[in-house]
Amino acid sequence: MKSLRTRRIIVWLAGMGLGFLITALIVTLVLPWMGPQAGNPISIQKYGYQYFFWTALPLGLMFVTWLDYFMKTEILPK
């Protein structure tokens, strides 16, 4: 039981961490290529903390879903 709880904590931390990391990379590296001022970096502050959170949360949940499947933590029911 303790091992399962530890794996679940790892899944949540890793999944959300990856979601926030990927979002930060998208905001700072990808969005500057797409805007009308191409090449100018965008900071997370300029993007907006609330927009950053609402972008990172679904990405983090996507990673949690896949990590749950591969680590067999059964956070999501079968």
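Before reading on, note that the structure itself is shown above.
Residues numbered from 1 in each chain as written. Predicted model: local features only at pLDDT ≥ 70, side-chain atom pairs only at ≥ 80, totals over all residues. Heavy atoms only, no water.

**With respect to the side chain of Thr23**
- As for its placement among the helices and strands, Thr23 is situated in helix α1 (residues 2-34).
- The class of Thr23 is buried, set by a relative accessible area of 1%.
- Every residue in contact with Thr23, bar those within four places of it in the chain, is listed here: Phe52, Thr55, Ala56 and Leu59. (Helix = DSSP H or I, 4+ residues; strand = E, 2+ residues; numbered from the N terminus. Buried < 20%, exposed > 50% of the residue type's maximum accessible area, 1.4 Å probe, protein only. Contact = heavy atoms within 4.5 Å.)

**Here we look at the environment of Met34**
- As for its placement among the helices and strands, Met34 is situated in helix α1.
- Considered as a pair, Met34 and Thr23 are 11 residues apart in the sequence and their alpha carbons are 15 Å apart.

**Brief notes about the packing of α1 against helix α3 (residues 49-71)**
- The contact between α1 and α3 brings their axes to 7 Å, and the two run at 140 degrees. Judged by the inter-axis angle, α1 sits oblique to α3. In terms of crossing hand, the pair formed by α1 and α3 is right-handed.
- Its residues assigned to classes, the contact of α1 with α3 comprises 21 nonpolar, 5 polar and 2 charged. (Axes fitted to C-alpha atoms, helices over the stretch in contact; angles between N-to-C directions. Parallel < 35°, antiparallel > 145°, perpendicular 65-115°, else oblique. Left-handed = near helix turned anticlockwise from the far one by under 90°. Nonpolar A, V, L, I, M, F, W, Y, C, P; charged D, E, K, R; others polar.)

**Focus: α1**
- Under the 1.5 Å per step criterion, the end-to-end length of α1 is 46 Å for 33 residues, consistent within 8% with the ideal 48 Å.
- The sharpest bend along α1 measures roughly 35 degrees and falls at Val27.
- For α1, the complete set of buried residues consists of Val11, Gly15, Met16, Gly19, Thr23, Ala24, Val27 and Pro32. (Expected span 1.5 Å × (residues − 1). Bend = angle between axes of the 7 residues up to and from the residue.)

**A word on the environment of Ser3**
- Turning to its location among the elements, Ser3 is positioned in helix α1.
- Classification of Ser3 by relative accessible area gives partly exposed; the value is 47%.
- Sequence separation between Ser3 and Met16 is 13 residues, and the spatial gap between their C-alpha atoms is 20 Å.

**Let's talk about the side chain of Asp68**
- Here Asp68 is to be found in helix α3.
- Nearest to the buried, unbridged Asp68 among oppositely charged side chains is Arg8, at 6.2 Å.
- Here the side chain of Asp68 touches Glu74 through a polar contact of 3.0 Å, landing on its backbone nitrogen.
- Within polar-contact distance, the side chain of Asp68 engages the backbone nitrogen of Ile75 at 2.8 Å. (Lys, Arg positive; Asp, Glu negative; His and termini not counted. Salt bridge = Lys/Arg side-chain N within 4 Å of Asp/Glu carboxyl O. Polar contact = N/O pair within 3.5 Å; in protein donor to acceptor, adjacent residues only side chain to side chain.)

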